[in-house]
Amino acid sequence: EAGVTQSPRYAVLQEGQAVSFWCDPISGHDTLYWYQQPRDQGPQLLVYFRDEAVIDNSQLPSDRFSAVRPKGTNSTLKIQSAKQGDTATYLCASSSDREGANTEVFFGKGTRLTVV
Amino acid sequence: AQSVTQPDARVTVSEGASLQLRCKYSSSVTPYLFWYVQYPRQGLQLLLKYYSGDPVVQGVNGFEAEFSKSNSSFHLRKASVHWSDSAVYFCAVSINSGTYQRFGTGTKLQVVP
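Residues numbered from 1 in each chain as written. Chains lettered and ligands numbered in written order. Predicted model: local features only at pLDDT ≥ 70, side-chain atom pairs only at ≥ 80, totals over all residues. Heavy atoms only, no water.

Undergrad: I'd like to hear about the overall build of chain B, residue by residue, with values.
TA: Secondary structure assignment for chain B yields zero helices and twelve strands. Listed N to C, the secondary structure of chain B is β-β-β-β-β-β-β-β-β-β-β-β in terms of helices and strands. Scaling as 2.2 N^0.38, a compact globule of 113 residues should have a C-alpha radius of gyration of about 13 Å, and chain B matches this with 13 Å. If one aligns the C-alpha atoms of chain B with their principal axes, the spans along those axes are about 40 × 30 × 20 Å. The proportion of buried residues among the 113 residues of chain B is 49%. (Helix = DSSP H or I, 4+ residues; strand = E, 2+ residues; numbered from the N terminus. Rg over C-alpha atoms; globule rule 2.2 N^0.38 Å. Buried < 20%, exposed > 50% of the residue type's maximum accessible area, 1.4 Å probe, protein only.)

Shown next, in the form of structure tokens:
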């Protein structure tokens, strides 16, 4: 079974540039998460979807970040006008809420973003 | 809101020695608790999880964790560590299976000869 796939694996930007990250979750998983993991810190949720609907985006900086999951499968996270403080690894994860209490969340390898 | 605290940023142990990594949680309801491991340039891999029942849960690669409601803790243990266990370990909590997990700051484990 293929895992969660993310691309690109690495990105280096200058401040003010835009970047998009792409995530392909495990087939059949209805829930998709985007986390931001600054260096030497734990992952922090940015947004998560169930199918195509946003369930929680309260931690997403809405002025520069956006995320979509139009068909309830793949997802794109975009940063407009990146700042040095956005330097972090961006992790995508997916799970199947339909499995109830034994839901396991599977993580991709992440995209490491450096903003200079 | 629920949260977890990992008080030890770094832990160094000798190969073959026992290990305990600490995790304290805060939650108004009995939480779902998780331990993950992260190797360099890799995503997080689930070691074990606790929902209910036996407070000692077994995970992969000889890891186990014990849930304590009275201490609000979910410490990770291993009887004998191997050099390949060197990694960053994260504790996480959620209030049910359908919500996102909140992570601690992680503990970097170094296993030395």
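Still to come is the rest of the account.
Undergrad: Describe the pairing of strand 4 (residues 31–37) of chain A, with residues and values.
TA: Residues and elements named next belong to chain A. The buried fraction of strand 4 is high, at seven of seven residues. On strand 4, burial covers both faces: Thr31, Tyr33, Tyr35 and Gln37 on one face and Leu32, Trp34 and Gln36 on the other are all buried. By the bridge criterion, six bridges tie strand 4 to strand 5 (residues 44–50) in an arrangement that is antiparallel. Across the sheet, the residue bridging to Thr31 is Arg50, located in strand 5. The hairpin turn running from strand 4 into strand 5, its antiparallel successor, is six residues long, and Asp40 in that turn takes a positive phi close to 60°. Judged from the seven bridges that link them, strand 4 and strand 9 (residues 88–95) form a sheet pairing that is antiparallel. (Pairing = 2+ DSSP bridges.)

Undergrad: Outline the interface of chain A and chain B, supporting the account with residue identities and numerical values.
TA: Across the boundary between the two partners, chain A contributes 25 residues, which contact 19 residues of chain B. Summing both partners gives a buried area of about 1700 Å² for chain A against chain B, and 50% of it is carried by carbon and sulfur. Between the two partners, chain A and chain B, sit zero salt bridges. Where chain A meets chain B, there are three residue pairs in polar contact (both at pLDDT 80 or more). (Contact = heavy atoms within 4.5 Å. Buried area = accessible area lost by both parts, 1.4 Å probe. Salt bridge = Lys/Arg side-chain N within 4 Å of Asp/Glu carboxyl O. Polar contact = N/O pair within 3.5 Å; in protein donor to acceptor, adjacent residues only side chain to side chain.)

Undergrad: Describe the nonpolar core, with residues and values.
TA: Residue and element names in this part refer to chain B. In terms of nonpolar packing, the biggest core is built from 26 residues, with Leu19, Trp35, Leu47, Leu48, Phe74, Leu76 and Tyr89 touching the most fellow members. When contributions to this core are tallied by element, the ones reaching two or more residues are strand 2 (10–14), strand 3 (19–21), strand 5 (32–38), strand 6 (44–50), strand 8 (63–68), strand 9 (73–78), strand 10 (87–94) and strand 12 (107–112). Looking at which element gives the most residues to this core, the answer is strand 10, with four residues. Apart from the residues lying within four places of it in its own chain, the contact partners of Leu47 are Trp35, Tyr36, Val37, Gly59, Val60, Phe63, Leu76 and Tyr89. (Core = buried A, V, L, I, M, F, W, Y, C linked by side-chain atoms within 4.5 Å.)

Undergrad: Give a description of the pattern of salt bridges that names residues and reports values.
TA: Applying the stated rule across the entire model yields five salt bridges over all chains. For the salt bridge of Arg64(A) with Asp86(A), the shortest nitrogen-to-oxygen distance reads 2.6 Å. Placement of Arg64(A) in the loop between strand 6 (53–56) and strand 7 (65–68) and of Asp86(A) in the loop between strand 8 (75–79) and strand 9 is noted, with a sequence separation of 22 residues between them. The same class applies to Arg64(A) and to Asp86(A), which are both buried. Note that Lys78(B) is salt-bridged to Asp85(B), the shortest N-O span being 2.8 Å. Grouping residues by exposure puts Lys78(B) and Asp85(B) together as buried.

Undergrad: Account for the side chain of Ser96(A), naming residues and giving values.
TA: As for its placement among the helices and strands, Ser96(A) is situated in the loop between strand 9 and strand 10 (106–107). Ser96(A) has contacts with Gly28(A), His29(A), Asp30(A) and Thr103(A), leaving out every residue within four places of it along the chain.

Undergrad: Provide a residue-level description of unusual backbone geometry, including the pertinent values.
TA: A cis geometry characterises the amide bond from Ser7(A) onward to Pro8(A), with omega recorded as -10°. Structurally, the position occupied by Pro8(A) is in the loop between strand 1 (5–7) and strand 2 (10–13). Positive phi, close to 55°, is recorded for Asp51(A), a residue that is not glycine. Structurally, Asp51(A) can be placed in the loop between strand 5 and strand 6. Exposure remark for Asp51(A): the relative accessible area of 29% places this residue in the partly exposed category. At Asn61(B), a residue that is not glycine, the phi angle is positive and equals roughly 55°. Inspection of the secondary structure puts Asn61(B) in the loop between strand 7 (56–58) and strand 8.

Undergrad: Tell me about the packing of aromatic side chains, residues and numbers included.
TA: Across all of its chains, the model carries 18 aromatic pairs over all chains by this definition. Residues Phe107(A) and Phe103(B) carry aromatic rings whose centres are separated by 5.9 Å and whose planes lie at 80° to one another, so their mutual orientation is edge-to-face. Taken together, the residues span two chains, with Phe107(A) in strand 10 and Phe103(B) in strand 11 (residues 102–103). On the basis of relative accessibility, which here comes to 11%, the residue Phe107(A) falls in the buried class. (Phe/Tyr/Trp six-rings, centres within 6.5 Å; stacked < 30°, edge-to-face > 60°.)

These figures capture arrangement, not role.
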